[in-house]
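Chain residues, written in single-letter form:
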Amino acid sequence: MPRYRLTLEYDGGPYHGYQAQGPGLPSVQGALETAIFNFCGERIRLQAAGRTDTGVHATGQVVHADLEKDWPARTVRNALNAHLVHEAVSVLDAQVAEGDWHARFSATERRYLYRILNRPAPPALERGKVWHVRKPLDVEAMHAAAQVLVGHHDFTTFRDLQCQAKSPMKTLDHAAVARVGEEVHLTFASRSFLHRQVRSMTGTLAEVGTGRWTRADVKAALDARDRTACGPVAPAHGLYLTDVGY
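Residues numbered from 1 in each chain as written. Predicted model: local features only at pLDDT ≥ 70, side-chain atom pairs only at ≥ 80, totals over all residues. Heavy atoms only, no water.

A. Representation of the overall build of the protein within the structure. What the protein contains, in helices and strands, is five helices and ten strands. For a compact globule of 246 residues, the expected C-alpha radius of gyration is about 18 Å, and the protein comes in at 19 Å, within 12% of that figure. Once the C-alpha set of the protein is aligned to its principal axes, its extents read approximately 55 × 40 × 30 Å. By the burial criterion, 50% of the 246 residues in the protein qualify as buried. Residue pairs at least 24 apart in sequence account for 71% of intrachain contacts in the protein once pairs closer than 6 positions are excluded. A total accessible area of about 11,700 Å² is found for the protein, and carbon and sulfur atoms account for 50% of it. (Helix = DSSP H or I, 4+ residues; strand = E, 2+ residues; numbered from the N terminus. Rg over C-alpha atoms; globule rule 2.2 N^0.38 Å. Buried < 20%, exposed > 50% of the residue type's maximum accessible area, 1.4 Å probe, protein only. Contact = heavy atoms within 4.5 Å. Areas by Shrake-Rupley, 256 points an atom, 1.4 Å probe, with all protein chains shown as cover.)

In structure tokens form, the structure reads like this:
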């Protein structure tokens, strides 16, 4: 039974997250599993590198599908895209996986991008794709404060109360903030993240950007190991899962 590695791009706006939620609640997983059934008649359960929340987008989500027939990878990609034509999901690439490769358990790094549109005027074309912050942001201060979060820490402060992870201990390998035209981009990389950790860190760093918080305040919030010490949580629609490393 061949295993296919699929790289996905999707707009999270129409979906209740990546994971299948049940009847009446559209999901990325549900859309793709339906496309697979319409393609080859198989009802399977996909495995994904990560479960993005409602409204979160992806440009590099990775999943795997075990199919009974040995199809050419290009055929799988093209057929699935044909059956996804009315969905906000695209299969960018399909490959036959080697050995015991697993979309989730073989992953060594996950990368996220958060996009902030930092200008007085709200978005028209990018509505639902960026977080609009009118007040000018101090990108240098945000980047300096982000370095406080890099390393192995107890991230309880930046962990959603409904998070099901066994431990709040995580290692953040990379955090950076840069201005790109009218946007401010925050990038984060780690082997794994807690539920809403990236959005929680982003909202806190935005407080630094507006001058309401300092780098020292971010350090104090991290050290508090207390969810109530977190800044506002950034909205889902500015967040993108951009890459999974193996």
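B. Broad picture of the pattern of salt bridges. Counted according to the given criterion, the structure contains 13 salt bridges. In this structure, D160 engages R196 in a salt bridge whose closest nitrogen and oxygen atoms are separated by 3.3 Å. Taken together, the residues D160 in the loop between β7 (151–154) and β8 (169–180) and R196 in the loop between β9 (183–190) and α4 (197–209) connect sequence positions 36 residues apart. Across the pair K219 and D223 runs a salt bridge, and its minimum N-O distance is 2.6 Å. Taken as a pair, K219 and D223 lie in helix α5 (residues 215–224) at a separation of four residues, close to a single helical turn. Owing to a relative accessible area of 38%, K219 belongs among the partly exposed residues under this scheme. Given a relative accessible area of 37%, D223 falls into the partly exposed group. Within the structure, one salt-bridge network assembled from shared partners comprises D53, D160, R196 and R199. (Salt bridge = Lys/Arg side-chain N within 4 Å of Asp/Glu carboxyl O.)

C. Fine view of the state of the cysteines. A full pass over the atoms with the stated rule returns zero disulfides. In this structure C230 is not part of a disulfide, and its nearest cysteine sulfur, from C163, lies 13 Å away. Using a relative accessible area of 14% as the deciding quantity, one classes C230 as buried. (Disulfide = S-S within 2.5 Å.)

D. Structural detail: the pairing of strand β10 (residues 239–245). Counting buried positions along β10 yields five of seven residues, so the element is predominantly enclosed. By the bridge criterion, two bridges tie strand β3 (residues 57–66) to β10 in an arrangement that is parallel. Within β10, the residue paired with A58 across the bridge is L241. With six bridges joining them, strand β5 (residues 109–117) and β10 adopt antiparallel strand pairing. Paired with R111 across the bridge in β10 is D243. (Pairing = 2+ DSSP bridges.)

E. Looking closely at the nonpolar core. Counting 73 residues, the largest nonpolar core has L6, L32, L80, L149, L186, F188 and M201 as its most contacted members. If one sorts the elements of this core by residue count, helix α1 (residues 28–40) sits on top with six residues. Apart from residues lying up to four places away in sequence, M201 is in contact with L149, F155, F158, L172, F188 and F193. (Core = buried A, V, L, I, M, F, W, Y, C linked by side-chain atoms within 4.5 Å.)

F. Spatial organisation of the side chain of D160. Here D160 falls in the buried class, since its relative accessible area comes to 11%. At 2.8 Å, the side chain of D160 and the backbone nitrogen of Q162 are in polar contact. Setting aside residues up to four positions removed in sequence, D160 forms contacts with H195, R196 and R227. (Polar contact = N/O pair within 3.5 Å; in protein donor to acceptor, adjacent residues only side chain to side chain.)

G. Seen up close, helix α3 (residues 139–146). Buried residues of α3: V139, M142, A145 and A146, and no others. Buried positions in α3, seen along its axis, are confined to an arc of 130 degrees and lie on one side of it. Of the surrounding secondary structure, the elements contacted by the buried residues of α3 are β8, β9, α4 and α5. Measuring from the backbone nitrogen of E140 back to the side-chain oxygen at the start of α3 gives 3.2 Å, which picks out D138 as the cap. (Arc of directions from axis to C-beta.)

H. Focus on unusual backbone geometry. The phi dihedral of R196 is positive, around 65 degrees, even though this residue is not glycine. Judged by relative accessible area, R196 falls into the partly exposed class, the value being 33%. In the Ramachandran plot, R225 falls in the positive-phi region, its phi being about 50 degrees despite a non-glycine side chain. Take R225: it is sitting in the loop between α5 and β10.

I. Geometry of the layout of surface pockets. Reported here for the largest pocket is a volume of approximately 1,200 Å³. Lining the largest pocket are 37 residues, with G50, R51, R104, F193 and H195 positioned closest to its centre. Residue composition of the lining of the largest pocket, grouped by class: 14 nonpolar, 14 polar and nine charged. (1 Å grid on protein atoms, 1.4 Å probe; cavity = no way out; pocket = protein on both sides within 12 Å on 5 of 7 lines; lining within 4 Å. Points joined across faces, edges and corners; volume = space filled by probe spheres on them. Nonpolar A, V, L, I, M, F, W, Y, C, P; charged D, E, K, R; others polar.)

Without other data, these values stay purely geometric and don't point to any function.
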